[in-house]
Amino acid sequence: MANTITVKNPATGEVIKEIKKFSQEEVETALRKGFDYFPKWAKTNAHKRSELLNNWAVKVRENKAELAKMMTMENGKPLKESYGEVEYAASYIDWYAEEAKRIYGRMIPANTETKRIIISKQPVGLVAAITPWNFPAAMMTRKAAPALAAGCTFIVKPASETPLTGIRMIELAHEAGIPKDAIQYVTGSGKEIGDLFTDSKYVRKITFTGSTSVGKQLIKNSANTVKHVTMELGGHAPLIVAKDADVELAAKETVTTKFRNAGQTCVCANRVIVHEDIVDEFAEKFVQFAKQLKIGNGLDKGVDIGPIINKSSYEKIVDQITDAKKKGADVLLGDQFDTDEEKDYYFVHPTILNNVNEDMDIMHEETFGPVAPITVFKELDEAVKLANNSPYGLAAYFFTNDYRTGIYLHEHLEYGIIGWNDGGPSAAHAPFGGMKESGLGREGGLEGIEPYLETKYLSIGNL
Ligand code: ADP
């Protein structure tokens with residue numbers, strides 16, 4: 001098997017770089033180093049860890065232009081989105097640089113004068129992360145920053161499609177003064193490195209962002225050594241537009257949440273569920289806004305939608321559209337493709353399908369592309385039923401100006417992240433994560449550091 005990874009630009013099919021794959025011995029050595037360095041990093045005082053994280057954020061921002069360009073080249077997303085992601089990635093480092101200083105314990109009053117009860121928090125140990133290609137910087141920092149802040153050492157395997165941004169981010173961490181063994185990367189096959197991570201006696205925690213199927217495998221494999229796990233898995237976000245919604249706002253925000261990163265995010269609106277009285281007005285506006293999106297190479301000025309990451313993802317999108325059309329869906333926009341199999345690039349134009357129903361694959365399988373299916377509802381509980389009819393529970397959106405409708409939807413949707421009149425709820429200061437088969441644990445906010453900490457209880461007696 002080849003011992004290199006070929007990184008390609010998905011907008012052109014051109015090779016950007018060949019990078020080495022780590023051998024099994026090299027991965028094991030890296031794990032050993034992370035394990036050996038853990039006690040030292042854990043003892044580095046929290047203010048120092050915070051200072052080093054702040055230095056890292058400075059370095060990331062100083063190198064924003066280079067990182068953004070690299071990200072667009074390997075991932076395909078428009079340059080403006082790459083700039084946005086670098087800032088978003090840095091915001092996790094900022095946030096956890098502060099949280100490092102706020103890892104508090106507790107003292108509990110005992111039921112006798114001769115005892116004291118103290119609760120303290122300790123870092124879990126060496127953390128091994130596996131990250132996806134769609135956010136190569138931010139999905140890494142939202143794991144690395146809380147891990148390092150907590151006092152854990154960290155090792156990451158970036159996605160093979162987009163390893164360059166992640167590797168550069170780690171080099172910048174080292175340039176910022178974070179010790180080499182405190183944060184490391186390895187590259188190679190997901191399965192092989194995943195197995196080395198889960199089998200390793202040195203690793204105490206696995207944190208993963210990616211597909212539900214791989215996540216399930218990692219949970220199973222982590223059981224042998226009872227590792228901590230945090231899993232950010234797939235999603236199939238519903239977006240409900242209620243009768244009294246501001247239709248223009250709903251249409252604009254749906255465009256933002258649906259077509260960002262060419263629809264290749266786990267929180268993209270994938271099922272647009274609209275009240276039947278306003279569906280025509282909504283669809284017209286939605287089409288009108290989506291039509292304005294420019295498709296092309298993300299490095300070119302004014303581009304809003306880049307390529308699909310690879311052929312198999314592209315084929316899955318085409319299959320979903322074909323299936324929906326066959327079963328009666330109407331194409332309001334798109335269903336157009338610019339591809340070159342020989343050169344190996346695949347673009348899908350923004351596509352909007354109407355009259356979609358639950359018999360169609362697109363309503364059940366995660367869609368990772370710029371395709372929005374519209375379906376209708378009459379009563380609110382019907383919309384909730386449709387929305388919750390999924391094994392996923394990551395993000396959901398709704399649009400309403402009626403507070404009763406809003407509270408009802410908030411309370412009944414089985415989703416970890418909910419946007420009310422808001423198509424972009426993610427933020428470093430808020431907990432991100434899913435219910436059901438969308439994952440375990442939360443990243444971001446106060447909640448995002450807890451999974452890197454153990455609770456230790458000390459009882460002092462016979463005073
Ligand atoms: P995606 O569809 O976003 O590529 P994957 O779950 O396939 O989702 O990939 C996410 C990350 O998981 C990537 O870094 C990939 O290399 C890695 N990966 C893929 N298969 C496995 C596996 N069997 N075990 C561990 N990691 C894997």
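Computed from a prediction, not measured in an experiment: that's the story for all the values here.

## Regarding the layout of surface pockets
Reasoning step 1: Counted as a void, the largest pocket has a volume near 960 Å³.
Reasoning step 2: Lining the largest pocket we find 39 residues, and of these W133, F208, G210, S211 and V214 sit closest to its centre.
Reasoning step 3: Only α7 (190–199), β8 (203–209), α8 (212–223) and α11 (311–326) provide two or more residues apiece to the lining of the largest pocket.
Reasoning step 4: Of all the elements, α8 adds the most residues to the lining of the largest pocket, at 6 residues.
Reasoning step 5: Residues lining the lining of the largest pocket come from more than one domain, with at least three contributed by each of domain 1 (4–233 + 438–460) and domain 2 (237–427).
Reasoning step 6: There is about 270 Å³ of room inside the second largest pocket.
Reasoning step 7: Considering the residues around the second largest pocket, the lining is formed by 13 residues, among which F22, A30, K33, Q184 and Y185 are closest to the centre.
Reasoning step 8: When residues of the lining of the second largest pocket are traced back to their parent elements, those giving at least two are α1 (24–43), α6 (163–175) and β7 (183–185).
Reasoning step 9: Counting residues per element, the lining of the second largest pocket draws most heavily on α1, which supplies 4 residues.
Reasoning step 10: Among the residues forming the lining of the second largest pocket, the class breakdown is 5 nonpolar, 3 polar and 5 charged.

## Structural notes on the side chain of E99
Reasoning step 1: Note on placement: E99 falls in helix α4 (residues 79–99).
Reasoning step 2: For the buried E99, no salt bridge exists, and the shortest N-O distance to an oppositely charged side chain is 4.3 Å, to R102.
Reasoning step 3: For E99, the contacting residues outside a window of four places in its chain are L446 and I449.

## Some thoughts on the nonpolar core
Reasoning step 1: Within the largest apolar cluster, 63 residues are counted, with the highest numbers of intra-cluster contacts made by I240, V241, F282, F286 and I374.
Reasoning step 2: A total of 7 residues in this core trace back to one element, the largest contributor, which is helix α10 (residues 279–291).
Reasoning step 3: Non-local contacts of F286, meaning those with residues more than four positions away in its chain, are made with A251, T254, V255, F259, I352, A372 and I374.
Reasoning step 4: W41, V124, A147 and V156 belong to the second-largest nonpolar core, a separate cluster that totals 48 residues.

## Observations regarding the pattern of salt bridges
Reasoning step 1: Across all of its chains, the model carries 28 salt bridges by this definition.
Reasoning step 2: One salt bridge connects E443 with K143, and the closest N-O pair in it is separated by 2.8 Å. With E443 in the loop between β21 (439–440) and β22 (453–460) and K143 in helix α5 (residues 138–150), this pair connects stretches of sequence that are 300 residues apart.
Reasoning step 3: Classification of E443 by relative accessible area gives buried; the value is 2%.
Reasoning step 4: Residue class for K143 comes out buried when judged on its relative accessible area of 0%.

## As for α7
Reasoning step 1: All of the buried residues along α7 are I193, G194, L196, F197 and T198.
Reasoning step 2: In this fold, the buried residues of α7 make contact with α1, β5 (126–130), β6 (154–157), β8 and α8.

## Here's the deal with the site of the ligand
Reasoning step 1: Neighbouring the ligand are 14 residues; T131, K157, G190, F208 and S211 lie closest to it.
Reasoning step 2: Between W133 and the ligand, the recorded distance is 3.3 Å, taken from a side-chain N or O atom to an oxygen atom.
Reasoning step 3: Contact distances for the ligand include 3.2 Å between a nitrogen atom and a backbone N or O atom of G190.
Reasoning step 4: For the ligand, the accessible surface in isolation is 550 Å², of which the surrounding protein chains cover 75%.
Reasoning step 5: Among the cavities detected, the one that contains the ligand is the largest pocket.

## Describing the sheet that holds strand β9 (residues 228–232)
Reasoning step 1: Strand order in the open sheet formed by 6 strands is β7-β6-β5-β8-β9-β21, with mixed pairing between adjacent strands. Both outer strands of the open sheet, β7 and β21, are each paired with one neighbouring strand and no more.

## Digging into the packing of helix α2 (residues 46–62) against α6
Reasoning step 1: α6 packs onto α2 with a crossing angle of 130 degrees between their chain directions and a minimal axis gap of 8 Å. With respect to α6, the element α2 is oriented oblique. In this structure, α2 meets α6 at a crossing whose hand is right-handed. Contacts from W56, K59 and V60 of α2 reach α6 at M169, L172, A173 and E175.

Basis of the calculations
Residues numbered from 1 in each chain as written. Predicted model: local features only at pLDDT ≥ 70, side-chain atom pairs only at ≥ 80, totals over all residues. Heavy atoms only, no water. 1 Å grid on protein atoms, 1.4 Å probe; cavity = no way out; pocket = protein on both sides within 12 Å on 5 of 7 lines; lining within 4 Å. Points joined across faces, edges and corners; volume = space filled by probe spheres on them. Helix = DSSP H or I, 4+ residues; strand = E, 2+ residues; numbered from the N terminus. Domains from an automatic or database assignment. Nonpolar A, V, L, I, M, F, W, Y, C, P; charged D, E, K, R; others polar. Buried < 20%, exposed > 50% of the residue type's maximum accessible area, 1.4 Å probe, protein only. Lys, Arg positive; Asp, Glu negative; His and termini not counted. Salt bridge = Lys/Arg side-chain N within 4 Å of Asp/Glu carboxyl O. Contact = heavy atoms within 4.5 Å. Core = buried A, V, L, I, M, F, W, Y, C linked by side-chain atoms within 4.5 Å. Near = heavy atom within 4 Å. Polar contact = N/O pair within 3.5 Å; in protein donor to acceptor, adjacent residues only side chain to side chain. Areas by Shrake-Rupley, 256 points an atom, 1.4 Å probe, with all protein chains shown as cover. Sits in = over half its atoms within 2 Å of the grid points. Pairing = 2+ DSSP bridges. Axes fitted to C-alpha atoms, helices over the stretch in contact; angles between N-to-C directions. Parallel < 35°, antiparallel > 145°, perpendicular 65-115°, else oblique. Left-handed = near helix turned anticlockwise from the far one by under 90°.

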